[in-house]
Amino acid sequence: MNRSDGLVQRRNVSRENGEGVSKDTLDLDEKKNDRDDDLEDGDSKETRLTLMEEVLLLGLKDKEGYTSFWNDCISSGLRGCILIELGIRGRIELEKAGMRRKSLLNRKLLLKNDTPTGDVLLDEALKHMKETDPPETVQSWIEYLSGETWNPLKLRYQLKNVRERLAKNLVEKGVLTTEKQNFLLFDMTTHPLTDNVAKSRLVKKVQDAVLGKWVNDPHRMDKRLLSLIFLAHASDVLENAFAPLNDDDYELAMKRVRELLDLDFEAESMKPNTNETVWAVFAAFTK
């Protein structure tokens, strides 16, 4: 599949512990990563969202409070978000490429630091990785965490009810509320938007990244913001952020997203100060 498939035509969308490194060094790195998370975007503690929560929020219909029934991409996309969160927070890393320079998708994910993050979903995934020997690749972990594997021994790694658990997190943060809706044959718990400011801020952040604040260099972009664009696309919810744009801005935004999707991820991952786990996840969704 071409990396930019699905981006050409505009849809009608509603406008609504590491080797040779001391434990003290690892602890300092961990604290720095978590502190960077705390300071991100200047958001208050109550409305600071994880990558998974941001992608889900982009996918939720504001008034109805659920994602599209036709979206079969968001499940694996959210698992990709989990791997990137763990990578950015310094909990996991890719094995060394070696002399023969293994590709990103052929390298195993290794546990770097098993200190809990405080996020239940992230810590559940981290626990599974800690218990797995030999290690697995990024692609395998996306499949295992999604439950999309033919290996019955790996089904225990599936993360259950991820969307509902993330929605409840957003309810606790005051972004969503909880309601019951009747769909003829069954009742369903929904989570309509209650904090329009948080959603608007998120949408504007995504739009600005490829329009007014476009830097034309992925390594100058914030890793979380870059990841949000990639994973929102992989989850088929990126279009929701661009729907309010006028036609010219929409075309420009999509053109720049295509430029990101068409990058050589292997080459980008070898540049200084990059997080290889992030690029490996991108590669897994655009292969």
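Basis of the calculations
Residues numbered from 1 in each chain as written. Predicted model: local features only at pLDDT ≥ 70, side-chain atom pairs only at ≥ 80, totals over all residues. Heavy atoms only, no water. Helix = DSSP H or I, 4+ residues; strand = E, 2+ residues; numbered from the N terminus. Buried < 20%, exposed > 50% of the residue type's maximum accessible area, 1.4 Å probe, protein only. Contact = heavy atoms within 4.5 Å. Core = buried A, V, L, I, M, F, W, Y, C linked by side-chain atoms within 4.5 Å. pLDDT = per-residue confidence, 0-100. Axes fitted to C-alpha atoms, helices over the stretch in contact; angles between N-to-C directions. Parallel < 35°, antiparallel > 145°, perpendicular 65-115°, else oblique. Nonpolar A, V, L, I, M, F, W, Y, C, P; charged D, E, K, R; others polar. Left-handed = near helix turned anticlockwise from the far one by under 90°. Phe/Tyr/Trp six-rings, centres within 6.5 Å; stacked < 30°, edge-to-face > 60°.

**Details of the environment of Arg 79**
- Of note, Arg 79 is situated in helix H3 (residues 74–88).
- Residue Arg 79 is classed as buried on the basis of its relative accessible area of 5%.
- Residues Arg 79 and Leu 121, spaced 42 residues apart in sequence, show a C-alpha to C-alpha distance of 9.8 Å.
- If sequence neighbours within four positions are ignored, Arg 79 has contacts with Ile 142, Leu 145, Ser 146, Leu 159 and Val 162.

**Thoughts on the nonpolar core**
- Grouped together as the largest cluster of nonpolar side chains are 76 residues, with contacts concentrated most on Leu 58, Leu 83, Val 138, Leu 231, Phe 242 and Phe 282.
- Once residues lying within four places of it in the same chain are set aside, the contact partners of Phe 282 are Ile 84, Leu 226, Ser 227, Phe 230, Leu 231 and Phe 265.

**Side note on the confidence of the model for the protein chain**
- Looking at the protein chain, pLDDT values average 86 and 83% of them are 70 or higher.
- Taken together, the stretch residues 38–46 has pLDDT below 50 and engages in eight contacts with residues farther than four places along the chain or on a different chain.

**A few points about helix H2 (residues 51–59)**
- In terms of burial, H2 is a largely internal element, nine of the nine residues being buried.
- Restricting attention to buried positions, one finds in H2 the residues Leu 51, Met 52, Glu 53, Glu 54, Val 55, Leu 56, Leu 57, Leu 58 and Gly 59.
- Those residues of H2 that are buried are in contact with H3, helix H4 (120–131), helix H6 (162–172), helix H7 (196–210), helix H8 (223–234) and helix H9 (238–242).

**What about unusual backbone geometry?**
- The linkage connecting Asp 133 with the following residue, Pro 134, adopts the cis geometry, with an omega of 5 degrees.
- The topology assignment puts Pro 134 in the loop between H4 and helix H5 (138–146).
- Here Arg 101, not a glycine, exhibits a phi torsion of approximately 50 degrees, which is positive.
- Position of Arg 101 relative to the elements: it lies in the loop between strand E1 (92–94) and strand E2 (109–111).
- Residue classification places Arg 101 among the partly exposed residues on the basis of a relative accessible area of 38%.
- With a phi close to 60 degrees, Asp 236 is a non-glycine residue in the positive phi region.
- Looking at Asp 236, the relative accessible area reads 34%, which means it is partly exposed.

**Some remarks on the packing of H2 against H7**
- The N-to-C vectors of H2 and H7 enclose an angle of 100 degrees; their axes lie 10 Å apart at closest approach. When the interaxial angle is binned, H2 and H7 end up roughly perpendicular. Each of Glu 54, Leu 57 and Leu 58 in H2 lies in contact with H7, whose residues at this interface are Lys 199, Leu 202, Val 203, Lys 205 and Val 206.
- Residue classes in the contact of H2 with H7 are distributed as five nonpolar, no polar and three charged.

**Points about the packing of H2 against H3**
- At their nearest, the axes of H2 and H3 sit 8 Å apart, and the two run at 155 degrees to each other. For the element pair H2 / H3, the angle class is roughly antiparallel. Viewed along their axes, H2 and H3 form a crossing whose handedness is right-handed. Here Leu 51, Met 52, Val 55 and Leu 56 of H2 come into contact with H3, specifically with Ile 74, Leu 78, Cys 81, Ile 82, Ile 84 and Glu 85.
- The residue inventory of the contact of H2 with H3, partitioned by class, reads nine nonpolar, no polar and one charged.

**Some words on the packing of aromatic side chains**
- Summed over the entire model, instances satisfying the criterion amount to eight aromatic pairs.
- Judged by centre distance (3.9 Å) and plane angle (15 degrees), the rings of Phe 230 and Phe 282 are stacked. Placement of Phe 230 in helix H8 and of Phe 282 in helix H12 (residues 276–285) is noted, with a sequence separation of 52 residues between them.
- On the basis of relative accessible area, Phe 282 is assigned to the buried category, the value being 1%.
- Among the aromatic residues, those joined into a cluster by ring pairs are Phe 230, Phe 265, Trp 279 and Phe 282.

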